[in-house]
Every structure is written in structure tokens, then in C-alpha cells.
Amino acid sequence: MPEQNNTATPDLTVVVIGYNDAARLPEAVRSALDQTLHNLEVVVVDDHSSDDTPQVVARLAAEDPRVRFVRLESNSGGCSKPRNTGIEHARGRYVMFLDSDDVLDRHAGLNMLQAAEEYDADLVSGLCIRRHVNRSGLVEDVPWWPEMYTERRVLESAADDPDLLRDTLSTNKCYRLDFLRENAIRFPEGFHWEDLLFSATAYLHARKIVLIPNPVYYWEVMVRVAAKSISNQRSNIGNVRDRIGIHRKVDAVLDGFPDEAGRAQIRLAKAVKFIEHDLVLYLRELPYQTDEYIAECRQLFRDYLQTLPLEAAFARCRHRVAVAGAFLMLRQDWPGLVTVSENLLDRTRVSTDLVERDGRIYWCDKGYLDEDFGRLALDVTEAGYHQLSLPESNLATRLTGLDVVSVTRRNGRIRLSGETVNPLGKVPADVPLSAQLEFRPGQRALRQYRVKVAEVSHEGDRIRWSGEVDVARTVRPVGVVDQMFEVRFRLKAGDLGTMATRVTAIHLPEAAAELELPARPLLTKAVGDRWAVRINHRGVVTLQIVSRNPIAKRVNASFERNATGTGGGGMLRLVQKAMRTAQKANDPRLKRKVYAALCRLPVKKGSVVFESHMGLSYSDSPKYIYEALRHHGYQGRVTWSYAENTNGFPKDASLVARNSWAYLRALARAEFWVDNQGFPQWMAKRRHTTYIQTWHGTALKTMGVNTPQVKAMLTGQRKALAKAVNRFDHFLVRGEYDIRTLVEAFEMRAEPLRVGYPRNDLLLSPERAELSAALRARFGFAEDKTVLLYAPTFRNTSGPFKPDFSFEDFAREFGDTHLLLVRAHYLNSVSVPEQARGAVQDVSKYPDVTELFLASDALITDFSSVMFDYSLLDRPMVFFAPDKAGYTQDRGTYFDLEAEAPGPYTTDQESFFKALAALTPESHREERRAFAQRFGEYEKGTAAEQVYQRFFAKGGK
Amino acid sequence: MAPIRDIVIVCNNIDEAGGAQRWARSMGELLSGEGHRVLLIGVAGVANPHDYAAEYEDGRPPYRTALLHEKPVHVVHRPAIDVRLRHPRAGLRHRAYLSLQQEGADRLSHLVGSLDTENAVIICVQVFAMEWIAKADTHGIPVIGMSHESYAASMASSRGTRVKKLYTGLPRFVALTEQDASDWTTKGGMNNAASMPNPLPFPATGGADPDAHVCVALGRLSQEKGFDLLLEAWSYVAKARPGSDWRLKIYGDGPDRPALEAQAAALGIASSVSFEGATNQVPEALRSGSIFVSTSRAEGFPMTLLEAQACGLPCVAFDCAPGVREILQDGVLVSLGNTEAFADRLGALMDDDDLRGALAKAAPDSVARYAPDVIALRWERLFALVHR
């Protein structure tokens, strides 16, 4: 709609700048003209383009009188001059900046204006969305600093939120024009990074700033940048100089900020951001640059770092490795900086020999740890690298040698050698080591190839290895889609598991630089014929296909043109379409329809689907029913569902990923469902299927209709719940108490199976003493130690859980005589401090709690249902529940545990430790026997057998 | 001085005795009172219209009304492909519905055709009516879309997707509370959301007696209003205070009444609970109590909480929606469904005369921000904004 009122002041001026971008400029201008705010003007500033920009803008101006055109006398080569010119020509009360290749959200103007007027703000900032094309060729929107824009916020000045300066863009903001003019705020001309200074100056001068959660600006990062090797990247030291120069200018502006306390805070926040963001950006790539670049860059950063409030900033930074980097930069420790850089390229990678001192973990020592400042800077305990198990770790593995063994027309045999760091003795010297090299095309591996590494040796803080591989025969790429194979290293250390990592190098060994080996893609040599060894943009050693014959050159060039989005050819569209179809195929609605159709197929006689805790592990009663089936040589088809990975699941069952197509098919056609929690609610169970719900614990906390959550449900939700529950045909109970609580609370129609829990059979087995001894030996528990199992219940939030007693204190008092096993709820995790290791072990990830029961001498818990199962063992129990009030606030219990606990009930560390010290195998014996009887009278140790006999003995019904 | 405007308010229907209609009628009065020319449009007529005209002394409301369809409209969705193949006539019925809808839209185009586009505003009260507005020619008059329920409630029904589809391009879309507007922005992907609360229907003058020892609840006796939970909580309160003279009065009627009466008897609280039936004298009913209680499972912008505070009642309510939190800034909020906690908090308020008196005294002032003139001013600013 054209402007209604030409004479009135426009509410908003949108300054659109462009240089030789006539193709995209109209889209940017239209995004401004099509705003739901009509009363605006668009000032297009052309940086003296040599294309037909003037004509294009003239056409736009003819269509809409709100467009004005300004052309610079000569090309300025940056964004500053055009934007400043825009400010000079602006007539609106507010002003925004838009680049010719980006677009504004349709409601940006109105949202900005409404916020600005409601609070009389000098500056309004909204969410910027970066629009990428991802690896699959699909458009992906990534918000810029989303944590700053989660809700509307009104700040009196930048001091209200010193972190504001993190968002340094100038384009996602709306400025009061008089504010810019009064304070002479302009873009600096002749520098890169002009946004940084402009936005910081505006923040620091603004009297009122409003942040709105609305997307306002779409930054079109459409052109996928082809991955370049770092060493090939032509980096310009001027870029670094400008960056540091801009930071110094911002600091100078900050010196004029009136509020002194605020000034210090902003300075600190800015220093933190500089270390965590700017320094990281450059440090990451530094080792791959030229020597001159490295020297000057280090000098620039060192000089600037010295002007910052380092002590306070180091203490505040959460990115601990970046802090270590800043410190090593100051100390001019180049080898140390290289290790930091290796970590910054992949944050999970441990690239140094960590040092432990007084229970803290440091990046390195080299004498730095003698001073307080060094300890502050190099402390990386929070990063948690030392807590990871070997399979979770990513130990830096560097290529040290590459030698050609033999190259013929069809063979290309090379020897790769390297070394892997071994910080804090992660890999002990006495475990058997074996290793593989793996060749893998990126994240989305179509195919991968592994070869055994012949020599692996443990040399204290390094693992050295060396092995041969015939690249031409071993690595068989498809061609075109997998041009690049990363080299990975997999180290298997006995029972500790396998660690996988990428092999890195800063410089390739000399033999590798010019090396080319024969390649044999499946799509024939028409798509490539040679392998070259390169270091990719993340510092990883890779094999890359190169084309030496003319056909392959053309094929690859055409594909590259299309896939990078600049060509926009038919190939790209085809690939994108295929990707979208693949995405649609995973649409839940489609899955529901297909599931309904599959349910019409006949049931597969005797087939059983097992699931435990929604596929999290192979555990609990379903596991023991499955083992009973196996014990009896059951003939029907047996399937286990897994959620994340297949670790620990039985090899002789067919394994399906939860919610996969195979999962739908298995469930639709199964004769039996066996599960302890619930198959997805939307999956209706057909009449011919028998659902055996084993459940996962007797209830202390109220359940079902007795909980606020269910009481709060509307009729529809209640019906959905009832429908899900009514799928159960049989429900395992441990005693009549379960019927009074669980069965009634869920208004269940299922037939209660009065057999007890299969998972508890072992606890009542006649051989349990032998079993216990065997398990303790397997776990390696010292025979003379009292083993305590601590199993607290779920705390309302998932994630890390911190107990209300100190593990260190426990280790001090009981370390010599006791061993504490900590088992957090499966939705929680726990971390054991270094000093308490030895006395305290985290067993949260061990799948089978029954085996932990057997291996322990006593149980410590609060409100967890493990107390009911453990009572069958007739071993002591201690209750430690310091937060009863908080815990029962939102949900009641069926009985008062404090009054009826079959063991000492404690609420603080002191009484808890006293109870532990006084514990004997006989304590509370009568109470706990009565407790076991009261809640589990049907537990006879034969539950799995009874379930088998009833349902599976005839091989199906 | 704000300009005189033509304001067109479009509802699904304007003749039922429902919440949206009440709101539209009171807005009609309020904006007419400010001097605007208001036209209330119902998409369709209803079978048993409420006689709104009779509520005015001269039998004539201060605004004009019109209907797009005289008779009730029955929606015919586009049948799925397999249904269309098996029953070709199902497709025809849908086509007939579409052409009926277009007739209504044409009538709307005609009704707004003569208005001055520089000053006129269309308010779409319910997203269903937006289908007609979208098909009509509105001559560039800005449209403000509204949602009269919480974000969560919208998303739990098909209205969520329809709001996203039909309201996205409008200059402004208003939700009932700031929190709902924020939810629509950050979770719902709507980028034009603002908030606009409902006005108080009568002046906030207080008048309830904190020493009457009566808890009062008011609403339709249906599952979502949660009276079963209220009785449960009341039974805890009563059990903890044997011989207390406190009583619970429940105003309203609905399908669950027999079940609720039976529940009260089963819980043994029948003697202290009375079912008063529906009332059309809401302020009087409220002023007969000393505490207002609400155990709704779902709400949008609960007017009864607003009205209760206007009458000087301290309130205890389940925290079931952003609207409750926004209205009840000085009341007692209990986590949804926790009847024990509700009983605890209510009991504490019953036992503490001083606290109750203080809350009662503060209640009318705490809803002053919903006074009709305050809300009318906010609307004026919104009208000006969409014309910018």
C-alpha cells in the first residue's frame, strides 16, 4: 500500500546499502516496503556500483514514492561510508540498517516502533536470524545470541546488562535518529569490523534500551562456503590489526561512560567476551598460518590482553581452555598455545598432559602453577575432562610419520604412525592395547573402512602406534558425494572400552605433501582417480579425491557448482528434493498411518518385543523374562528395542531402534509386548497382542489419579491416559499393596499377576551368597571393605545431582573401611570429586541394579523404590532424606516413611554418618523382614519362570 | 484527541450468552462511549439467541449489529482423498460450504466497503471468523486478530495452527496477557503478537465482608472448571477444622452438578457446601463471600477472578494459565492439581483474620489497571499503531 501521508515525518528510515548487487537489492528494498508499518522511507545508498544498481533503484522509486536513492561519488570499499550517508539523508524519527543481500521481517518495523515508543527508548534490538544452507542443501535458520532475546527486556543503560555488548551487529537494531545525531554516533570509516564500534558506542550512549524476542533481521548466509584447508586460507594480518584496533577504540568510548561502577562491569564483561570469543576465533587457526603472521598476531594479542582486567576476567570465564590460551599467550608459550588451539578446533579433544594438584586439574604445569595467577588461569577442572571414561574421552592423536611402502597402478600402500596423549594415566600401562585406523567420510558416514594397526605401545604419557594400509584397496568411496575421508584412530584398552578420535596434524610429513595414490571410486574413474593427503579446515588428516583425467574434472566441477548453491542447477534441486522427502518420511503422522496399516497384517505367532525404560538399556524385569525364554530355548522371534545405542543389548535378539520403521513393524505384528514403563502412548495395541506390563517398582510416592499431574488433566487428556493404560493385559505385582496403590491409581483393567518381579528372582535365589561373592570379585571390590550402595531417587529436575552430604567427608571418615557406590536415578548424573575417588565410585551407568544389590552389604536411599526390592535381600538399609519437605511438597506418599522406615532414618550428615558407623548386619532385622513381607508377599524368586510357564512355554498361545 | 473511528468487531456469532459475545458487547459499549461508530458482526445466527437488546433501558444498544449468515453455519471440512473417492458427494458438500462462505464474505465486503480506510479498524475476535475476513475485500482496512484463550489452550486444539495460518500477516495479533503474547512470539513463531487484557465489567469498589466466613466459587459446573478438586480440597479443610462455621457457596450450573452433589455427600461435607445454581447478579453473589476460590484446570483470562477482586475478595486459585498469574498478582496461587496444598493455603487464609482483611482491602486497587478507561486508552493506542 502506498504511503498515506507524504508530508508527515516518516516513523522509520530504512537505510539499504549495496555494492554491485543489483540482483538481490530489490528483494531487500521490498522487504522494507512491505512492512506492516507503512509510514516509513527507504534510503538506498549505492557505494558507486558499476552494475545497473542505479536503474534498478530508479524503477523501485518510480513504483513507490517512499524510496529515495543516494549514490556515492566514488567507491568506499566498506559499509561505513554508505551507512553514514544514509544517516545524513534520513528523515524518519527512527533509523535501521539493511544490507542489500539480507531482508527484514515483515513485522520488524512495527515491533521495533511499538517497543521504542512504549518505553521512549533510544535503541531497540531484536533477534537476528542467520539463514544457512546446511550440508544437505536445506535452509536452516540459526538465531544469533538467542539467550539475549528470550523475552522482552527494558534496560536503563548498558550497565543493566554488561553482557549486552556480545551482540555486536548493527543491523538488527533500531535507533532514534536524534539520538545518533546528538551523540555524533557514526560508523568508523577505513576499518573492518565497523559494526563492533558502532553498536558498542550506541549501547554505551543509549539512555534506554529495549530488547525484543521478535525476529527482525534475516542474515542470508545462503552461499555454502566450500570447506577450505586452513593452510590454504589466505589470511590477512590487517584483519587482526583492525579487530584489535576496534577493541581499543571501544575501550576509549567506554572510558567516557558516566556510571563508574557500570563502567568496570562492562569492561569486565567485554574482557570475558574478548577471551571467549575473539581470542578463540583467531587462536583456533593460528598454528596453520605463516610464521610472520603468527609472530605479529601473537604480539597484537599479547599487547592488547595486557590492557584488560585479566584476573577478574579469568575468574569469570566459563570457557576454561580459552583462559589457558590467554595465559599462555601472555607467557609467550608457543608449544602450549598449539595444544590449546588443537582443543579449540574440537572442544572434546584433550590435547595436553593434564596436571592434577590438590584435587584440581590444570592444563599444564611448566612452573606456572607456582604462582596464584597461573593456577587461576590454567585450572580446567570445570571442563570435566578428567571425569570422562576412556570411551567418552577424545585423546588428541597426532600424525608423526607417513611413509610410502609401495605404489603401483592398483595399489597404494602407506605406513602411518602417530602418538596419542595419555593425560593422568587414562590408559593404564597394564591393559592390553589394540588399535584400528578408520576412514570415514564426514559426519554422515555412508560407509567407513577400518584396518588393524600393527604396532601399539604404551610409553607412559604417550601411546605410540604405527600401521600399514593399502589405501587404494581399502578405502572405496562412492564418488562425488564422499570426496573427503577423515582418518580416525580407535584405541581399544582391554575392559576399559574403545576410544575413537580424529588423527590431526599441523604440518604434513614431507613425504605426504606431493603424494598421490590410486583411487577406485564405485562410480568408476569418471568421478576421480587419485587420493591426496590433506589437512582439512579442522586440522584433521584426510584423504581427498582428486581428478587427473578430464572427464572426472568436469563431473566434479559441475557437481561442486551445483552443490554450493551458487549454480542452482538441476542436480541441487534433485538432492534437496530427496533430502526433503527423506525428512518427510520421518513425519510422525505418516508413521501413525503406516502403523495402523501394519496392524492389519496377521500377528507373527510367538513373536515378542521387549523394552526396558523406554529403550534406555537392557535391564530390569524384561531382561530377566528374556533370559528365562533363552534358558528354555524359546523358538519365537524375539526383538529388543533400544533408544540410543545397542551397548549391552543381547546379540541373539533382533535389535530395533525405538520409533524406527522396524520398531513399528515389530510392535504391530508381535504376539507379546513386554515392557516395564510404556510403549509410546499413541501406539494402540491390537486385540491379538498380549501386553505384559512388568512395571518398575512398588510405589511410595502417590501415583496416577492420586497425583496433582493427573488431577490437573482435562477430560481429553484423562481419556488418552486411560487408553494407554488399558493396553496392559497383565500387570506384575509384588503384593496386595501394589494392587491397592498402582492398580487402583491407574484405574487399570489388566489382570494382576501375583508373581513378584523377575528382576528380584536373583535376590531370593538359594545361591545368592555365591553370586554376591562372584560379583564382588568381578567388580574388583576389596573383600575386607563394607560395600554401601547409595541409590537416591529422582529429583524434580534431570541433570546433575548433588547429594546433601560431602563425598570428601565420607572418604575421610570411612575411606579405609567402606566403599560407597553411587547410583543416581537414570535421569540424573552425579560427579565424584577427585579426593573422594577410591572411597566413592559412580555406578550410575551400570545397567543392572540387581547385580549391584548383590554385590553390596547395605543400602542407603531416601524415597526410591529400591528399598522394597532390597528388603528381600535381608541386608541392612539406612535412610538419608534431608529434603523430605521439599520432596513431598508436590506429591504425597502412601505411607509415612519416617515413621515406618525399616532402618535408621537420618536427615543430616552427622546423624547419617553416625548411623553408618553403627551399622551391623543385624541392625533392624525384624523391621526389615516385616517390611519385605508387607510389601512383597508374592516374591518367591520364581517370577520369570512363572511368566514363562504361563505365556511362553507352548511357544506362544 | 483521538480521531473518531469506524470499528468493526467480528465474532463467530453475537447472540449467544457466551464469553466472547459478552466481551464483544461490552467492547461495543466501551468504544461507543468514546465516540466511535461501532459495528458488531456475527458470522452466523444461532438457534436460541440471547436477548441482549433487553439489557438496555430503551431496548437499543449503542452500536449497530449485522449478521453475515442469518442461520447457523455448519462447517464441512474438506474430506480426505479416500473419502472423496468413495463418496463423491462429500466433496460436493464441501464445495457448497465454500460458496456459502464466499457469500458471507461478500456481504462483509459490502458492509465495510463504505468505511473510511484511513480511520477504520476491523477486530477479529475469534480465529474462525478470520476465514470470512480473509475471503472478503477489506479495502486495506487494518485487521487486528484476537485469541481469547491461553497459548497452551490454543495449541492443544486446532485453533493453534489456524491462528498461525490466518493471523500471521495481520499488523497486530493480540493475546490476553503479556506472557501469552511472549509465548506466541518465542514458541509459536508469531511475530506480530501483542497483549490486551479484558476490561473490568463493573467498577472496583469492594464491598465484601471478610468476616462473613463464606468461601465462594462461581462458574459452569463442568470438568475443566475443576469443582471436583474444589470439593476434595474443601474436605481436607473441613476435616482439619471440625465445628468451624465456614461455608462454601458454589454458584453456577452445568452438566456435572449431580455428580458434584453426590461427591460432596460422599466426602461428608454436604452440610458445609451449598450449590446456589446459576446467577445473573454476579457482583451481589461475590459480595456475599469473604474468600474467592478457583480450582479451574484451564483458563484464558478468568473474568471471575477479576470481578472477585473488584468486589474486595482475597482469592485462592490454581495456577493453571498465564492469565491467572497476571490477574492474581496479590492473591494466593497454588500449583495446579495439588489439592492438599490448596487446602493448606486456603485454611491458612481462613484462620488468619488480619491477613484476610488486609488482602480484602488491597484487592480492588490491585485490579485498577483493568478499569474500562485504562483499557480503552490502550485500544486507542493500538488503533493508532496499526494505522501507522
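Residues numbered from 1 in each chain as written. Chains lettered and ligands numbered in written order. Predicted model: local features only at pLDDT ≥ 70, side-chain atom pairs only at ≥ 80, totals over all residues.

Moving on, we come to the pairing of strand β25 (residues 541–546) of chain A. Residue and element names in this part refer to chain A. The pairing of strand β21 (residues 484–493) with β25 spans three bridges and is classified as antiparallel. By the bridge assignment for β25, Glu-486 is matched with Thr-542. As judged from the six bridges shared by strand β24 (residues 530–535) and β25, these two strands associate in the antiparallel manner. Looking across to β25, one finds that Ile-535 is bridged to Val-541. Once β24 ends, the chain turns through five residues before running back antiparallel as β25, passing Gly-539 with a positive phi of about 80°. (Pairing = 2+ DSSP bridges. Helix = DSSP H or I, 4+ residues; strand = E, 2+ residues; numbered from the N terminus.)

Our next topic: the domain arrangement of chain A. The domain architecture assigned to chain A consists of domain 1 (12–221), domain 2 (234–387), domain 3 (406–548), domain 4 (591–759) and domain 5 (768–921). Each of domain 3 of chain A and domain 5 of chain A has a C-alpha centre, and these two points are 45 Å apart. (Domains from an automatic or database assignment.)

A word on the nonpolar core. The biggest cluster of nonpolar side chains holds 188 residues, and the ones touching the most others in it are Val-15 of chain A together with Ile-9, Val-10, Ile-123 and Cys-124 of chain B. No other element matches the eight residues that helix α8 (residues 227–240) of chain B contributes to this core. Those residues in contact with Ile-9 of chain B that lie beyond four places of it in its chain are Ala-24, Met-27, Gly-28, Val-38, Leu-40, Ile-41, Ile-123 and Val-125 of chain B. By size, the runner-up hydrophobic cluster in this structure holds 90 residues, among which are Phe-610, Ile-625, Val-866 and Phe-935 of chain A. (Core = buried A, V, L, I, M, F, W, Y, C linked by C-beta atoms within 7 Å. Buried ≥ 20, exposed ≤ 12 C-beta atoms within 10 Å, placed from the backbone. Contact = placed C-beta atoms within 7 Å.)

Residue and element names in this part refer to chain B. The assigned domain composition of chain B is domain 1 (6–199 + 371–386) and domain 2 (214–369). Contact residues are listed per partner, giving 13 residues for domain 1 and 11 residues for domain 2. Considering every element that reaches the side of domain 1 that touches domain 2, the biggest residue donor is helix α7 (residues 178–186), with three residues. The residue inventory of the side of domain 1 that touches domain 2, partitioned by class, reads five nonpolar, five polar and three charged. (Nonpolar A, V, L, I, M, F, W, Y, C, P; charged D, E, K, R; others polar.)

With 27 residues of chain A at the interface, the matching set in chain B holds 21 residues. Put simply, the parts of the chain that give the side of chain A that touches chain B at least two residues each are α4 (108–119), β10 (209–221) and α21 (708–711) of chain A. Per element, the largest residue contribution to the side of chain A that touches chain B is four residues, and it comes from α4 of chain A. When the residues that make up the side of chain A that touches chain B are grouped by side-chain class, the tally is nine nonpolar, 12 polar and six charged.

Residues and elements named next belong to chain B. Read across the sheet, seven strands follow the order β3-β2-β1-β4-β5-β6-β7 without closing on themselves; strand pairing throughout is parallel. A strand with exactly one partner marks an edge of an open sheet, and here the two such strands are β3 (64–69) and β7 (193–195). Taken pair by pair, the neighbouring strands of this sheet meet at an average axis angle of 25°, ignoring direction. Sheet topology places strand β5 (residues 143–146) next to strand β6 (residues 172–175); three bridges connect them, and they run parallel. Among the inter-strand pairings, Met-146 is bridged to a residue of β6, identified as Val-174. Lying over the sheet, helix α1 (residues 19–33) contacts β1 (6–11) and β2 (37–44), oriented at roughly 175° with respect to β1. (Axes fitted to C-alpha atoms, helices over the stretch in contact; angles between N-to-C directions.)

Okay, the confidence of the model for chain A next. Averaged over all residues, the pLDDT of chain A equals 87, while 93% of them reach at least 70. In this model, residues 564–568 of chain A is a region of pLDDT below 50 whose contacts with residues beyond four sequence positions or in other chains number 13 contacts. (pLDDT = per-residue confidence, 0-100.)

This part takes up unusual backbone geometry. All names here are of chain A. The backbone of Ala-184 sits at a positive phi, close to 50°, despite the residue not being glycine. A residue is classified by how many C-beta atoms lie within 10 Å of it, and Ala-184, with 8 of them, is exposed. With a phi angle near 55°, Gln-332 is a residue other than glycine that sits in the positive phi range. As for its placement among the helices and strands, Gln-332 is situated in the loop between α11 (320–330) and α12 (334–345).

Residue and element names in this part refer to chain A. Packing of helix α6 (residues 194–205) against helix α7 (residues 237–255) leaves a shortest axis separation of 9 Å and a crossing angle of 10°. As the angle between them shows, α6 and α7 are arranged roughly parallel. Viewed along their axes, α6 and α7 form a crossing whose handedness is right-handed. For the pair α6 and α7, the contacting residues are Leu-196, Leu-197, Ala-200, Thr-201 and Leu-204 in the first and Ile-246, Lys-249, Val-250, Val-253 and Leu-254 in the second. (Parallel < 35°, antiparallel > 145°, perpendicular 65-115°, else oblique. Left-handed = near helix turned anticlockwise from the far one by under 90°.)

For helix α15 (residues 372–386) of chain B, built from 15 residues, the straight-helix expectation of 21 Å at 1.5 Å per residue is met to within 8% by its first-to-last C-alpha distance of 21 Å. Of the surrounding elements, those touching the buried residues of α15 of chain B are α4 of chain A together with β4 (121–124), β5 and β6 of chain B. (Expected span 1.5 Å × (residues − 1).)

Before going further, it helps to examine the confidence of the model for chain B. The predicted model of chain B averages 91 in pLDDT, with 100% of residues at 70 or higher. Predicted as a complex, the structure gets a pTM of 0.79 and an ipTM equal to 0.85.

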